[in-house]
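Survey of secondary and tertiary structure
Letter by letter, the chains look like this.
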Amino acid sequence: MNTALRALPAEIVQAQGELAAAERQASEASAALSREETLRTRLEREIAGHRQKVARFRTQLDAVKTPEQAEAIEHEIQFASGEAERLEGEEFASLERTEAQEAALAAARSEVERLAGALEKTRARAALRQKEFNTELAALNEERETLRQAIEPEWLTRFDRLSGSRGTGLARAENQQCNGCRMGVRPQTWNQLREGELLTCDSCGRLLYWDPAFAPVPKSPQTAGSPEAKPKVRKSQAGD
């Protein structure tokens, strides 16, 4: 029961961790969208600036008087036009990334919603199980106190002391061995345990008991026709 009780907070923590991870993904997708919007705003501004340069240079081209001036202006027009086209390509790539990020953000928000619901269900389930455990634990504690009153004070004191130092003050004896420390018990002690006496382990000090329910099943008797059941033939003596 104690193990199950300790597992309840872990379940909630795990659900909270999964929700936090989904929230981070949603936040990262949202931040990526904001960056792309900022990038496109800058690109649009720069594209507009290059388009204005092209228009201004074309106006200047009508007023040039020498081929050299015309060539220089044509070079500026080509450069500004090329920059505008390059930036438009970047803007298009940004729009494609934005489309993918919008889909990722929608999926992340959907996952956040799902995990938030799962977390609430986990909390409700944990609260219900906690209540059930508390009720069962209260009943067990009541039964425990009733049983403690029927135990001799000397044994009870020894049991409490051992439980505090070793985790448990009771151990089952099985196969002539203490299940608490895995050390063997003396034959005389083993026989007394099998007769129903409560003794202590010489190695760990725990209170030892023997439970016949855990005793090995005895082997079935040999049949008359088995090789082991054949009567031994006495060898004839010289004087027989």
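One can find the structure itself at the top, above this paragraph.
Everything quoted here is computed from the prediction, not taken from an experiment. (Residues numbered from 1 in each chain as written. Predicted model: local features only at pLDDT ≥ 70, side-chain atom pairs only at ≥ 80, totals over all residues. Heavy atoms only, no water.)

It is worth spelling out the sheet that holds strand β2 (residues 199-200) at this point. Ordered in space as β1-β3-β2, the three strands form an open sheet in which the pairing is mixed. Each edge of the sheet is formed by a strand with only one pairing partner; in this case those strands are β1 (170-172) and β2. By the bridge criterion, three bridges tie β1 to strand β3 (residues 207-209) in an arrangement that is parallel. Across the sheet, alanine 171 pairs through a bridge with leucine 208, a residue of β3. (Pairing = 2+ DSSP bridges. Helix = DSSP H or I, 4+ residues; strand = E, 2+ residues; numbered from the N terminus.)

Tracing the backbone through its elements, the reader meets arginine 148 in helix α2 (residues 67-149). Within the structure, the side chain of arginine 148 is placed 2.8 Å from the side chain of aspartate 160, a separation counted as a polar contact. Contacts of arginine 148, omitting those with residues within four sequence positions, involve Leu156 and Asp160. (Polar contact = N/O pair within 3.5 Å; in protein donor to acceptor, adjacent residues only side chain to side chain. Contact = heavy atoms within 4.5 Å.)

This part covers a negative patch on the surface. Where like charges cluster on the molecular surface, the negative patch consists of Glu37, Glu96, Glu99 and Glu102. Here the negative patch gets three residues from one element, more than from any other, and that element is α2. The residue glutamate 96 is located in helix α2 in this model. (Patch = residues over 30% accessible without salt bridge, like charges linked within 9 Å, V, L, I, M, F, W, Y side chains within 5 Å. Areas by Shrake-Rupley, 256 points an atom, 1.4 Å probe, with all protein chains shown as cover. Salt bridge = Lys/Arg side-chain N within 4 Å of Asp/Glu carboxyl O. Lys, Arg positive; Asp, Glu negative; His and termini not counted. Charge placed at Lys NZ, Arg CZ, Asp CG, Glu CD.)

A few words now on the environment of alanine 15. Mapped onto the elements, alanine 15 comes out in helix α1 (residues 2-61). Residue alanine 15 is classed as buried on the basis of its relative accessible area, which comes to 10%. When the C-alpha positions of alanine 15 and leucine 115 are compared, they lie 7.4 Å apart, and in sequence the two are 100 residues distant. (Buried < 20%, exposed > 50% of the residue type's maximum accessible area, 1.4 Å probe, protein only.)

Here we come to unusual backbone geometry. Residue glutamine 176 is not a glycine yet carries a positive backbone phi of 60°. Phi angles above zero are rare outside glycine, and arginine 182 is one such case at about 65°. The topology assignment puts arginine 182 in the loop between β1 and α4 (187-194).

Next up on the list: the environment of threonine 59. Residue placement: threonine 59 occurs in helix α1. It is 10.0 Å that separates the C-alpha atoms of threonine 59 and isoleucine 73, two residues lying 14 residues apart in sequence. In this structure the side chain of threonine 59 is engaged in a polar contact, spanning 3.0 Å, whose partner is the backbone oxygen of alanine 55.

Note that all results are geometric; they support no functional claim without further evidence.
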